[in-house]
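Listed here are the chains, written in short residue letters.
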Amino acid sequence: MAMSAGRSAFALADDADEATAIAAHQEGLRVVRGALRRVWIDAISDSPWPEQAQVALRALLDLAELHHTSDTGIELDVSDDDQFDLVVALSPFTISAEGWAESDEQIYSASDTGTGLWMALTPREHSEVRERLLTRGADPNAIIPQPPRRRLDGCSF
């Protein structure tokens with residue numbers, strides 16, 4: 001995943017508690033919203049959807065039906081507040097959500113029913129995510145820098 005200048009990779013720490021993980025997904029999305037151009041989310045979870053996600057899940061499934069799409073890979077309009085709110089509500093619980101910038105650079109990825117979170121953030125965005133986590137009473141140190149991927153014989157790992 002190549003990143004544009006000024007963005008660095010961050011992920012959710014493996015030992016983040018559930019409340020921090022949920023807050024990190026939601027606040028991370030809110031912070032990168034201005035850079036997002038396309039977002040996809042799956043209406044699938046490996047665990048039962050929590051009560052707080054039920055209304056959003058129903059709305060997402062209704063949108064999928066309206067647009068004749070499946071439960072996987074539902075594209076939402078991030079400029080539409082209601083659709084963006086669905087991504088925010090469901091991202092911490094889905095098996096997959098992806099956010100892409102105008103440059104076709106991936107800047108947001110949620111996976112593994114909330115345990116996986118990766119974001120490409122500018123220094124200002126990283127500071128804002130940390131501040132938002134503090135405001136919510138979550139651990140700002142749960143968003144940790146990721147080392148750049150090394151390349152060996154044309155393959156990244």
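The structure contained in this document is the topic of the report that follows. (Residues numbered from 1 in each chain as written. Predicted model: local features only at pLDDT ≥ 70, side-chain atom pairs only at ≥ 80, totals over all residues. Heavy atoms only, no water.)

**Looking at the pairing of strand E2 (residues 36-41)**
- Pairing analysis gives five bridges linking E2 to strand E4 (residues 96-101), with the strands arranged antiparallel. Its bridge partner being in E4, Arg-38 is matched across the sheet by Trp-100.
- Looking at chain direction, E2 and strand E3 (residues 74-76) are connected through three bridges and run antiparallel. Bridge assignment links Ile-41 to a residue of E3, and that residue is Ile-74. (Pairing = 2+ DSSP bridges. Helix = DSSP H or I, 4+ residues; strand = E, 2+ residues; numbered from the N terminus.)

**A few points about the environment of Ala-13**
- Relative to the elements of secondary structure, Ala-13 occurs in the loop between strand E1 (8-12) and helix H1 (18-32).
- Assessed through its relative accessible area of 11%, Ala-13 is described here as buried.
- Put simply, Ala-13 and Ala-142 are 129 residues apart on the chain and 5.0 Å apart in space, counted from C-alpha to C-alpha.
- In contact with Ala-13, other than residues within four places in its own chain, are Ala-142 and Ile-144. (Buried < 20%, exposed > 50% of the residue type's maximum accessible area, 1.4 Å probe, protein only. Contact = heavy atoms within 4.5 Å.)

**Let's talk about the side chain of Ser-45**
- Residue placement: Ser-45 occurs in the loop between E2 and helix H2 (54-66).
- Polar side-chain contacts of Ser-45 include one of 3.0 Å to the backbone oxygen of Ser-47.
- A polar atom in the side chain of Ser-45 sits 2.7 Å from the backbone oxygen of Phe-93.
- Once you skip the residues sitting within four places of it in the chain, Ser-45 turns out to touch Phe-93, Ile-95 and Thr-113. (Polar contact = N/O pair within 3.5 Å; in protein donor to acceptor, adjacent residues only side chain to side chain.)

**Remarks on the pairing of strand E6 (residues 116-121)**
- A large share of E6 lies buried, amounting to six of its six residues.
- Burial along E6 is two-sided: Gly-116, Trp-118 and Ala-120 and Leu-117, Met-119 and Leu-121, pointing in opposite directions, are all buried.
- With four bridges joining them, E1 and E6 adopt antiparallel strand pairing. Note that in E6 the partner of Ala-9 across the bridge is Ala-120.
- When strand E5 (residues 106-111) meets E6, the two strands line up antiparallel, connected through four bridges. Paired with Tyr-108 across the two strands is Met-119, which belongs to E6.
- Between E5 and E6, which follow one another and run antiparallel, lie four residues, and Asp-112 among them has a positive phi close to 55°.

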